[in-house]
Each structure stands twice: as C-alpha cells, then as structure tokens.
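# Reading the structure
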Amino acid sequence: MFVSQMAFFSQVSDPAMGGTYMTLLNTVSNFGSKWPNMASLYLMDPLTQRTCAGAKPVEGLPCAAADDAFCLDGGGSCAVTRDAYFVQLLVCTAIGVVWIIANMGRVNRVQNLKEAAWRVPKSGAAAKLEP
C-alpha cells in the first residue's frame with residue numbers, strides 16, 4: 001500500500017514546488033491513518049467485558065483490571081464475555097459503509113480529475129519565482 005500511495009503522490013506532486021508538495025501529501029496521509037489506530041487501542045480495554053467465573057462468592061460479577069485479584073483470590077478466573085475486537089469491527093464497518101455511501105460522489109470527482117488539476121497555478125507569487 002505504501003509504495004502505491006507514494007507512486008500516486010509522486011505522480012500528482014507539482015514539480016515546480018519540488019518535494020515540498022509530496023511531503024505535505026504524505027504528512028496529511030500519515031495523520032489520517034495513524035490516529036484511528038491509537039483510538040482503537042485506547043478503546044480496547046474499556047470495551048472488553050469480563051466476568052468472574054468459578055469463584056462462589058463473586059460468581060458472575062464483572063471483572064475490572066483492579067478487581068482481578070479479588071476474583072482470583074476467591075478461586076475463580078476472569079473470563080472474557082464480550083471481546084472489544086468484535087465491537088470495534090462492527091462499529092467501524094458500519095461507519096465505513098456510511099462514509100462510502102455519503103462520499104462516493106466526491107471520491108469519483110477526485111478520481112476523475114486531470115493531472116493538471118493537482119498542479120499549483122502559475123499566477124501571483126509562484127510566477128515570480130520562475131526564472
């Protein structure tokens with residue numbers, strides 16, 4: 001994916017600006033792809049539901065990270081009853097489908113742009129920099 005993305009950025013980058021435009025596109029792309037990973041990992045623990053199993057006095061009570069010792073001391077174990085992976089999978093799939101439906105027209109318009117539409121116009125200050 002990275003190679004094809006960089007090939008696209010190389011193709012649409014304006015040679016008049018050098019590597020600056022390509023660096024800007026890559027930076028925006030990195031911002032757009034890294035924060036969802038961080039959010040997903042941050043939400044993994046709060047979305048996981050665990051209950052105490054096998055301990056008579058606390059059977060069926062929820063296990064939080066702080067309560068693990070309480071369940072284990074009673075002779076039980078904390079079993080995962082709802083895995084956050086599947087919750088995030090369903091929510092993110094639904095968000096992705098809605099996003100695709102809502103933005104398909106915009107994506108098609110950008111996809112059908114000519115290469116010249118990505119170039120910086122030669123007017124104003126940019127024209128004065130040319131020899």
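Rules and cut-offs
Residues numbered from 1 in each chain as written. Predicted model: local features only at pLDDT ≥ 70, side-chain atom pairs only at ≥ 80, totals over all residues. Heavy atoms only, no water. Helix = DSSP H or I, 4+ residues; strand = E, 2+ residues; numbered from the N terminus. Buried < 20%, exposed > 50% of the residue type's maximum accessible area, 1.4 Å probe, protein only. Areas by Shrake-Rupley, 256 points an atom, 1.4 Å probe, with all protein chains shown as cover. Core = buried A, V, L, I, M, F, W, Y, C linked by side-chain atoms within 4.5 Å. Patch = residues over 30% accessible without salt bridge, like charges linked within 9 Å, V, L, I, M, F, W, Y side chains within 5 Å. Salt bridge = Lys/Arg side-chain N within 4 Å of Asp/Glu carboxyl O. Expected span 1.5 Å × (residues − 1). Bend = angle between axes of the 7 residues up to and from the residue. Contact = heavy atoms within 4.5 Å. pLDDT = per-residue confidence, 0-100. Axes fitted to C-alpha atoms, helices over the stretch in contact; angles between N-to-C directions. Parallel < 35°, antiparallel > 145°, perpendicular 65-115°, else oblique. Left-handed = near helix turned anticlockwise from the far one by under 90°. Nonpolar A, V, L, I, M, F, W, Y, C, P; charged D, E, K, R; others polar.

### Topic: the overall build of the chain
A count of helices and strands for the chain gives 5 helices and 2 strands. Each helix and strand of the chain, ordered N terminal to C terminal, gives the series α-α-β-α-β-α-α. Here the chain holds 131 residues, and 17% of them are scored as buried. Carbon and sulfur atoms make up 68% of the accessible area of the chain, which amounts to about 10100 Å² in all.

### Description of the nonpolar core
In this structure, Met6, Phe9, Val12, Tyr21, Leu25 and Trp118 together form the largest nonpolar core, which totals 6 residues. Elements that contribute at least two residues to this core include exactly helix 1 (2-12) and helix 2 (20-47). In terms of residue count, helix 1 provides more of this core than any other element does, 3 residues in total.

### A look at a nonpolar patch on the surface
A surface patch of nonpolar side chains, amounting to about 380 Å² of accessible area, comprises Trp99, Ile100, Met104 and Val107. With respect to the helices, strands and loops of the structure, Ile100 is situated in helix 4 (residues 84-111). Given a relative accessible area of 45%, Ile100 falls into the partly exposed group.

### Some thoughts on helix 4
The end-to-end C-alpha distance of helix 4 is 35 Å, clearly below the 40 Å that 28 residues give at a rise of 1.5 Å each. A bend of about 60° at Asn103 is the largest found in helix 4. Listed as buried for helix 4 are Ala84, Gln88 and Asn103. Turning to helix 4, the residues buried within the fold contact helix 2 and strand 2 (77-82).

### A closer look at the confidence of the model for the chain
Of the residues in the chain, 86% reach a pLDDT of 70 or more, and the chain-wide mean stands at 81. When the elements of the chain are averaged for pLDDT, helix 5 (residues 125-129) gives the smallest value, 46, and helix 4 the largest, 93. In the predicted structure, residues 125-131 sits below a pLDDT of 50 and forms 3 contacts with residues beyond four places in sequence or in another chain.

### Looking at the packing of helix 2 against helix 4
Two elements in contact, helix 2 and helix 4, have axes whose closest approach is 8 Å; the angle formed by their N-to-C orientations is 125°. Relative to helix 4, helix 2 is oriented oblique. For the pair helix 2 and helix 4, the crossing hand works out as right-handed. In this structure, helix 2 contributes Ser40, Leu43, Met44 and Leu47 to the contact, and helix 4 contributes Ala84, Tyr85, Val87 and Gln88. When grouped by side-chain class, the residues that make up the contact of helix 2 with helix 4 number 6 nonpolar, 2 polar and no charged.

### A short note on the environment of Val87
On the secondary structure map, Val87 appears in helix 4. In this structure Val87 comes out as partly exposed when scored by relative accessible area, which is 23%. Distance in space between the C-alpha atoms of Val87 and Leu47 is 7.5 Å, their sequence separation being 40 residues. Filtering out sequence-adjacent residues up to four positions away, Val87 remains in contact with Leu47 and Arg82.

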